[in-house]
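# Observations on chain architecture
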Amino acid sequence: MDEKPEQKETKQLTGDEKAGAGLVEKMKEGGTALKQRAIEEAKGYKDVQDTQIWKSIFRVSHDRSDPRNRSLAVLSNVFLHLHPAKINRDAVRYRYTWGMGGITFYLFIVLTFTGVLLMFYYHPTKVDAFRDILYLEHDVPFGKLLRNMHRWAAHLMVITTWLHMFRVVLTGSYKRPREFNWGVGVVLLVLTLLLSFTGYLLPDDQLGFWAVTVGTNMARATPMLGSEGPFGVQLGMTPFNDVRFGLLGGSIVDSNALLRSYIWHCIGIPLVASIFMAVHFWRIRKDGGISGPAPVMLESEMKAIKKK
Amino acid sequence: MAGRFNLSKGKLIGLGVVVVLVLLAVFFVEDWQQLWTISSAPDNIPIVAMLFLVPFFTWLGIKQSRANDRLIVALEQDPKLAKTSHRKAEPWRPGWAKEIHVWPYLVRIEFLAAVIVTVVLFVWSIVLNAPLEEPANPNLTMNPSKAPWYFLGLQEMLVYFDPWIAGVVMPSIIMIGLMVFPYVDSNPLGNGYYTLKQRRFAVGMFCWGFLMWILLIVIGTFIRGPGWIWFWPGQTWDHNAVVFDKNVDLHDWIATSRIGKALHLGFLSANPFKFIFGLLVVGGFYILGALFFHWLMTVDFKKLSLRPLRLFPQDAFEKKLLARTSLLQYLTFQFFAVSVLLAMPVKLILRLALTIKYVWVTPWFNI
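Residues numbered from 1 in each chain as written. Chains lettered and ligands numbered in written order. Predicted model: local features only at pLDDT ≥ 70, side-chain atom pairs only at ≥ 80, totals over all residues.

### Focus: the domain arrangement of chain B
Interfaces are often sized by the accessible area lost when the parts come together. Split by domain assignment, chain B resolves into domain 1 (41–89 + 149–354) and domain 2 (99–129). Taking only C-alpha atoms into account, the centre of domain 1 of chain B sits 35 Å from that of domain 2 of chain B. (Domains from an automatic or database assignment.)

As structure tokens, then:
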């Protein structure tokens, strides 16, 4: 410390230089202090979960073994709160549930994701549709993979829906109080099949064209509403005003049919299906969660029917 | 002989079936290339997968049902045990918590399932390409022109019924019938666990419908070739094959048969007799069908000397269930059961084995 006055004397600094040197000193001091503070603060950031950003997003910590936190992890999360905080210990057994309902929902998400990406490359017009598929298959990076995934996920979803229903029947899970939810599930089955079917026409190739031709020809035979169905002619149905005309937007499978099936496929049915799914999941919770594995009941314990 | 080759009876039967199938395939498949072309078509892969998935999950369900059924028998014989038992086939020890946290025990399973499904999808999508045919051409009819595999059951039904039934009425009845199912099943037992003993009829009916549906799809996928003609698996699809349509209506079939001629039933081919005849046939079918299902509901399989059916010997219990069923529930069930579960196979046999086209011909519709 006693060297500083010597320096001042020997160099005979001007006023400006004096002030400058003071500033450098101050900055140096300030810098070290700032550095110290930054290090101190950074130590506090070491645990990401202690940061304000993390806490604002997740509200509760997830990795603690505290039972309360484990419950809150589920309850305070918009996606996870589909679930209760706790479930029966046997309900997680894959052998019982087969996991088919959950997988079906996951496939719906996969299909939405790949579907949205496919929409970027597709025009639902007679001129473009088929070319867009060729473009997708040969030029778009990973386009072929994208289309394949959308197709196979759709097929898989039909399979998992059927197997889910099969399991629900085998375990008698449609019984009271879940009768209504089974009905909602049947509607979802129909919507799944319709989603798959409306997508079939979109590549505008021979396969889709003839499948949809065969499919909608059946609509022509609808009783009372189809031009070739029972009592159709008597009620004034012609190929130009019957239910098939309404489905196709014309009397043949053409550009209007392509547009209609595109809109049903991408907007109409997914919207309706989402609403039914919301009800389906909500009712699972409200009807007491997953049905089992429940303790077996005995014949001797059957209650007599309540007489009103 | 508790040696290494100790096969149970069931496994032995299974093995026998496989051997017979292999032998049949070796002797009767003329055209392996054709069989391979059909079953390796990317769009048919799902139904090939179903051929394995459905038996596997049926087995898985039956396995757990039998475990529960054994438990039910044990508990019914020992009321003391029934009071203390935790009543599940799943293992349990005193002190184990009844409930577990969803985070992480369920969420991790879901995550794992999502990862596995994603991997499966990626592999499937890399290995197999989604089909793309030539651009749509209304002037060039595809032959055979098939619906996607999950609708082939409906398309196959077109062989047996007019389009308004196969394409509109049947699907509607099937869907409504499925929705009605919980409301006509008056059995309070078997809610939330696998069992066959307590629900033999309900499970049996559903399996009947489900397996029939899969069977129709399999016929539509593997057997129907060009012109929707029946080709056995392994037969070459002949695009020039012609089948002369020799199907006749039931009233003509009877009127022109030897017995019909002897009894002077020729008038059945003319209106209004053919209308009345068809009405009576359909009405009679509903009555006989209902009697059949009623018999199936209450029959004591023990008394029948059919060994495999002795697994479900509860006629007294079934009668108790029937007493709980309201008339509305009973009639609703009978309507759907006869209209779908019975009408479908009966018409299939009439059409394929007896070449009968319609059973009821009217000026407005034919059944």
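### Overview of helix H14 (residues 327–354) of chain B
Residue and element names in this part refer to chain B. Its maximal kink placed at Ala343, H14 deviates by approximately 45°, while the proline Pro345 follows within four residues. For H14, the complete set of buried residues consists of Phe333, Gln334, Ala337, Val338, Ala343, Met344 and Lys347. Contacts from the buried residues of H14 go to helix H8 (163–184), helix H9 (200–223) and helix H12 (273–298). (Bend = angle between axes of the 7 residues up to and from the residue. Helix = DSSP H or I, 4+ residues; strand = E, 2+ residues; numbered from the N terminus. Buried ≥ 20, exposed ≤ 12 C-beta atoms within 10 Å, placed from the backbone. Contact = placed C-beta atoms within 7 Å.)

### Some points on unusual backbone geometry
The amide bond that connects Trp103(B) to the next residue, Pro104(B), takes the cis arrangement and shows omega of 10°. With respect to the helices and strands, the residue Pro104(B) is situated in helix H5 (residues 102–105). Note the cis peptide between Asn143(B) and Pro144(B), where omega equals -5°. Inspection of the secondary structure puts Pro144(B) in the loop between helix H6 (107–127) and helix H7 (152–157). At Asp204(A), a position not held by glycine, the phi torsion is positive, near 55°. Tracing the backbone through its elements, the reader meets Asp204(A) in the loop between helix H9 (179–201) and helix H10 (206–219). Although it is not a glycine, Phe231(A) sits at a positive phi angle of roughly 65°.

### Structural notes on the interface of chain B and chain A
On the chain A side, the residues contacting the 85 residues of chain B number 85 residues. Of all elements in the fold, only helix H3 (45–77), strand S1 (99–101), H5, H6, H8, H9 and helix H13 (315–324) of chain B reach the threshold of two or more residues within the side of chain B that touches chain A. A total of 13 residues in the side of chain B that touches chain A trace back to one element, the largest contributor, which is H3(B). For the side of chain B that touches chain A, the class distribution of residues is 56 nonpolar, 15 polar and 14 charged. Both strand S1 (residues 86–88) of chain A and S1(B) contribute to a ladder of three bridges, which runs antiparallel. Each bridged residue has a counterpart across the sheet, and for Asn88(A) the counterpart in S1(B) is Glu99(B). (Nonpolar A, V, L, I, M, F, W, Y, C, P; charged D, E, K, R; others polar. Pairing = 2+ DSSP bridges.)

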